[in-house]
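Analysis of the macromolecular model
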Amino acid sequence: MSRIWVLTGYLVRALFGSLAGVAPLAAAVTFGLIAFEYGMDQAQLFTVGGLGIGVIGFLATLLLAGKADRAASYLLVGRLRSRTELLAAIGAGGWCITWALALGIVSVNLLAGRLTLSWPSLLWLVPTWSVLWLLTSALAVALSGLVSRGASNLLGYLLLVVILVANDRQTELLERGASWAVRIAERVTWPVGALLAEASAGVHGRTYLLALALVLFLAAALFLLAAYLFRDKDVLWSE
Amino acid sequence: MTEPCLIRALGVTKRYGNARALDRLSLQVPEGSVFGLLGPNGAGKTTFLRLVMGFLFPEEGTLDRCGLPPCQVGYVPDRAFYPSRLRVREYLCLVGRLAGLGGGALQRRVQDLLTALDLEGAARTRLSGCSRGMLQRVGLAQALLGDPRMLLLDEPMLGLDPSGQKLMRARIEALHLSGKTIVLSSHNLSDVARVCTHVAMLRHGRLARSGRLDALLPLRPEVSIQTGPMPAGLPSAIRSLDPGILVSENRITLAGEVAERKTDVLRLLLGAGVDIRELIEARATLEEVYLEATQG
């Protein structure tokens, strides 16, 4: 476990010590300014903040994977008992960066009076966002070039886009008789949608807990998929 | 009885696209040896080391590290694959933590290595500012963190000046004496001849020759005997055995077919009570064997 945190620290430092580190910071500033321009209540913060900052976390995790996907990692990977430790470090790094950016965005907007929060229901942010961002981090690890075999990451991106578009264009798809596509998209996106809907409504019953568990399960499944792809992948890194 | 091994490759094949980097390679690295991997560029030396490190996987065959965990294998790559922004000490501490060291033990070990490898003055230098020789020493230092049983050195002399090469050789010899198994790839045959106990020669990814260095170098039909003062008449008695025997003041040389008369010459010398100070049986050089194996 300590090796994972050592690697996490190294990768986060490598990211923010390079020009690439500007990207998640710039994205966070932009999101913080635009999304909160007209103010935001707690319910909106759960959903808009969760998804928006999650996307930034996804980007940060991809950048961390990029930092690991280079020749300087040879001697570090050679010391690991399992390559999965590297993936865990990337995922953990992405998750930590996401939380750090979220705390920054929320704090600044709270101080600027653009955010209305109520205590103690605000505490439900912690499990909701934590699990959601575990999913975005695991998704980024699985879609990174580091673990991709052949064009597996491109296939993954394609699948993700298809699901998101199908979920967004449900009416059009139903009119064209593609109800099966709508059903698939609904089922795949249900855990995230239900988790955020329940959390923003302040309802934390069985549906919320089921959604929480399913999001966690999805994150674990994606991480295991990434570990499987990376387990015996040839690494031919160059500077 | 077979020697205990730390690496056992059996029929290992590795391809890059259509090109075969290793072709049904089988070899064993005995424990405690200094094992030299020789071969022209593209022969598969670096590929073999990366397979051992687990960076690559063979398409065919098996490569067994005989149960050695990653922390027991130190690796020095042929190129400077280091995070350029880190300072030397920071980098060694990072690798040390990954090797399972921590706290005071880590700081002590890093300090010891900085001292032993003459890097104390460079401890705060960024890796991007290190010379080639310094990076080679940093590479060796990071490989030695965790006190590994086996070291893989890819072209350890590459880019070093003569004094740097001499120091590196001395370090390899010292590590060998301390009981470590060392696998090194090199183009420098004289270095290999000086430090290696075993050698494998690769050609187009295949094993051309392998074995103990002394066994790989065949004896030449040439014997040179250094003697003490010889009584008068003995040189002519020796020459009478075969006119091809060369006798100078204190040296007798038997070259070619005449070398077979070695026993007769020695009998004469011992019979006359002559002090035999040295007997050298000439061997083929590593270069000759290498060229024959890799170009033949």
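Now for a look at the structure at hand. (Residues numbered from 1 in each chain as written. Chains lettered and ligands numbered in written order. Predicted model: local features only at pLDDT ≥ 70, side-chain atom pairs only at ≥ 80, totals over all residues. Heavy atoms only, no water.)

1. A closer look at the overall build of chain B
- The number of helices and strands found in chain B is ten helices and 13 strands.
- Taking 2.2 N^0.38 as the reference for a compact globule, 296 residues should give roughly 19 Å; the C-alpha atoms of chain B span a radius of gyration of 24 Å, well beyond that estimate.
- Taken over 296 residues, chain B has a buried fraction of 49%.
- Pairs at least 24 residues apart make up 69% of the contacts formed inside chain B by residues separated by at least 6 positions.
- Approximately 13,500 Å² of chain B is accessible, and the part contributed by carbon and sulfur atoms is 51%. (Helix = DSSP H or I, 4+ residues; strand = E, 2+ residues; numbered from the N terminus. Rg over C-alpha atoms; globule rule 2.2 N^0.38 Å. Buried < 20%, exposed > 50% of the residue type's maximum accessible area, 1.4 Å probe, protein only. Contact = heavy atoms within 4.5 Å. Areas by Shrake-Rupley, 256 points an atom, 1.4 Å probe, with all protein chains shown as cover.)

2. Observations regarding the sheet that holds strand β13 (residues 276-283) of chain B
Residues and elements named next belong to chain B.
- Across the sheet, which stays open at both edges, the four strands sit in the order β11-β12-β10-β13 with antiparallel pairing between neighbours. Only two strands of the sheet have a single partner each, and these edge strands are β11 (246-247) and β13.
- Both strand β10 (residues 219-227) and β13 contribute to a ladder of six bridges, which runs antiparallel. By the bridge assignment, Val223 is partnered in β13 with Glu281. (Pairing = 2+ DSSP bridges.)

3. Looking at the packing of aromatic side chains
- Considering all chains together, one arrives at ten aromatic pairs over all chains under this definition.
- Ring geometry for A:Tyr74 against B:Phe81: centres 5.3 Å apart, planes inclined by 40°, an arrangement best described as tilted. With A:Tyr74 in helix α4 (residues 74-77) and B:Phe81 in the loop between β5 (73-76) and α2 (88-98), the pair connects residues from two separate chains. Accessibility assignment for this pair places A:Tyr74 and B:Phe81 in one class, buried.
- An angle of 35° between the planes, with centres 4.8 Å apart, marks the rings of A:Trp129 and A:Trp133 as tilted. Placement of both A:Trp129 and A:Trp133 in helix α6 (residues 125-143) is noted, with a separation of four residues, approximately one turn of the helix. One exposure class covers both A:Trp129 and A:Trp133, and it is buried.
- A network of ring pairs unites the aromatic residues A:Tyr74, A:Trp237, B:Phe55, B:Tyr75 and B:Phe81 as a single cluster.
- Sitting above the plane of the A:Phe230 ring, A:Arg83 keeps its charged end 5.1 Å from the centroid. (Phe/Tyr/Trp six-rings, centres within 6.5 Å; stacked < 30°, edge-to-face > 60°. Lys NZ or Arg CZ within 6 Å of the ring centre and 35° of its normal.)

4. Topic: the pairing of strand β2 (residues 19-30) of chain B
All names here are of chain B.
- Pairing geometry for strand β1 (residues 5-16) and β2, over eight bridges, is antiparallel. Opposite Ala9, over in β2, you have Leu27 as the bridge partner.
- Connecting β1 to the antiparallel partner β2 that follows it, the hairpin turn spans two residues, and Gly17 within it adopts a positive phi of roughly 65°.

5. Comments concerning the sheet that holds strand β3 (residues 34-38) of chain B
Residue and element names in this part refer to chain B.
- With respect to topology, six strands assemble into an open sheet ordered β5-β6-β7-β3-β8-β9, the strand pairing being mixed. The open sheet is flanked by β5 and β9 (206-212), the only strands paired with a single partner. Here the average twist between neighbouring strands, direction ignored, is 15°.
- Direction of pairing for β5 relative to strand β6 (residues 150-154): parallel, over a ladder of four bridges. (Axes fitted to C-alpha atoms, helices over the stretch in contact; angles between N-to-C directions.)

6. What to know about the environment of A:Ile184
- Within the secondary structure, A:Ile184 is located in helix α9 (residues 179-201).
- Here A:Ile184 falls in the partly exposed class, since its relative accessible area comes to 47%.

7. Brief notes about the nonpolar core
- Among the nonpolar cores identified, the biggest contains 149 residues, and A:Leu86, A:Ile90, B:Phe48, B:Tyr91 and B:Leu152 are the most heavily contacted of them.
- The greatest single-element share of this core, amounting to twelve residues, is contributed by α6(A).
- Once you skip the residues sitting within four places of it in the chain, A:Ile90 turns out to touch A:Leu11, A:Thr61, A:Leu64, A:Ala65, A:Ala68, A:Val141 and A:Leu146.
- One finds B:Val223, B:Val258, B:Ala259 and B:Val274 within the second-largest nonpolar core, a separate group that totals 15 residues. (Core = buried A, V, L, I, M, F, W, Y, C linked by side-chain atoms within 4.5 Å.)

8. Re empty space enclosed by the protein
- This structure, assessed with the given rule, holds two cavities of 30 Å³ or more.
- Residue lining of the largest cavity: A:Leu75, A:Gly78, A:Arg79, B:Met53, B:Val73, B:Gly74, B:Tyr75 and B:Gln142, and that is the complete set.
- A per-element tally of the lining of the largest cavity places β5(B) first, with three residues.
- Residue composition of the lining of the largest cavity, by class: four nonpolar, three polar and one charged.
- When its volume is computed, the second largest cavity comes out at roughly 30 Å³.
- Forming the boundary of the second largest cavity are A:Leu7, A:Tyr10, A:Leu11, A:Ala68, A:Ser73, A:Leu76, A:Val77 and A:Leu86.
- For the lining of the second largest cavity, the secondary-structure elements that each account for two or more residues are α1 (2-16) and α4 of chain A.
- When residues of the lining of the second largest cavity are assigned to their parent elements, the largest contribution, three residues, is made by α1(A). (1 Å grid on protein atoms, 1.4 Å probe; cavity = no way out; pocket = protein on both sides within 12 Å on 5 of 7 lines; lining within 4 Å. Points joined across faces, edges and corners; volume = space filled by probe spheres on them. Nonpolar A, V, L, I, M, F, W, Y, C, P; charged D, E, K, R; others polar.)

9. Here's the deal with a nonpolar patch on the surface
All names here are of chain A.
- A cluster of nonpolar residues, Trp190, Leu210, Leu214 and Phe217, forms a patch on the protein surface that exposes about 390 Å² of accessible area.
- The element best represented in the nonpolar patch is helix α10 (residues 206-231), accounting for three residues.
- As for its placement among the helices and strands, Trp190 is situated in helix α9. (Patch = residues over 30% accessible without salt bridge, like charges linked within 9 Å, V, L, I, M, F, W, Y side chains within 5 Å. Salt bridge = Lys/Arg side-chain N within 4 Å of Asp/Glu carboxyl O.)

10. Looking at the interface of chain A and chain B
- Contact with chain A, which involves 24 residues of that partner, is made by 30 residues of chain B.
- Here chain A and chain B share an interface that buries about 2,400 Å² over both sides, 64% of which is from carbon and sulfur atoms.
- Contact with chain B buries area across many residues of chain A, yet A:Tyr74, A:Leu75 and A:Arg79 alone supply 33% of it, more than any other trio.
- Applying the counting criterion to the chain A and chain B interface returns two salt bridges.
- Salt-bridge contacts for B:Glu90 lead to A:Arg13; the nearest nitrogen and oxygen are separated by 2.8 Å.
- Linking chain A to chain B there are eleven residue pairs in polar contact (both at pLDDT 80 or more).
- Sorting the residues of the side of chain A that touches chain B by element identifies α1 and α4 of chain A as the ones contributing at least two each.
- If one sorts the elements of the side of chain A that touches chain B by residue count, α1(A) sits on top with five residues.
- The residue makeup of the side of chain A that touches chain B, split by class, is twelve nonpolar, three polar and nine charged. (Buried area = accessible area lost by both parts, 1.4 Å probe. Polar contact = N/O pair within 3.5 Å; in protein donor to acceptor, adjacent residues only side chain to side chain.)

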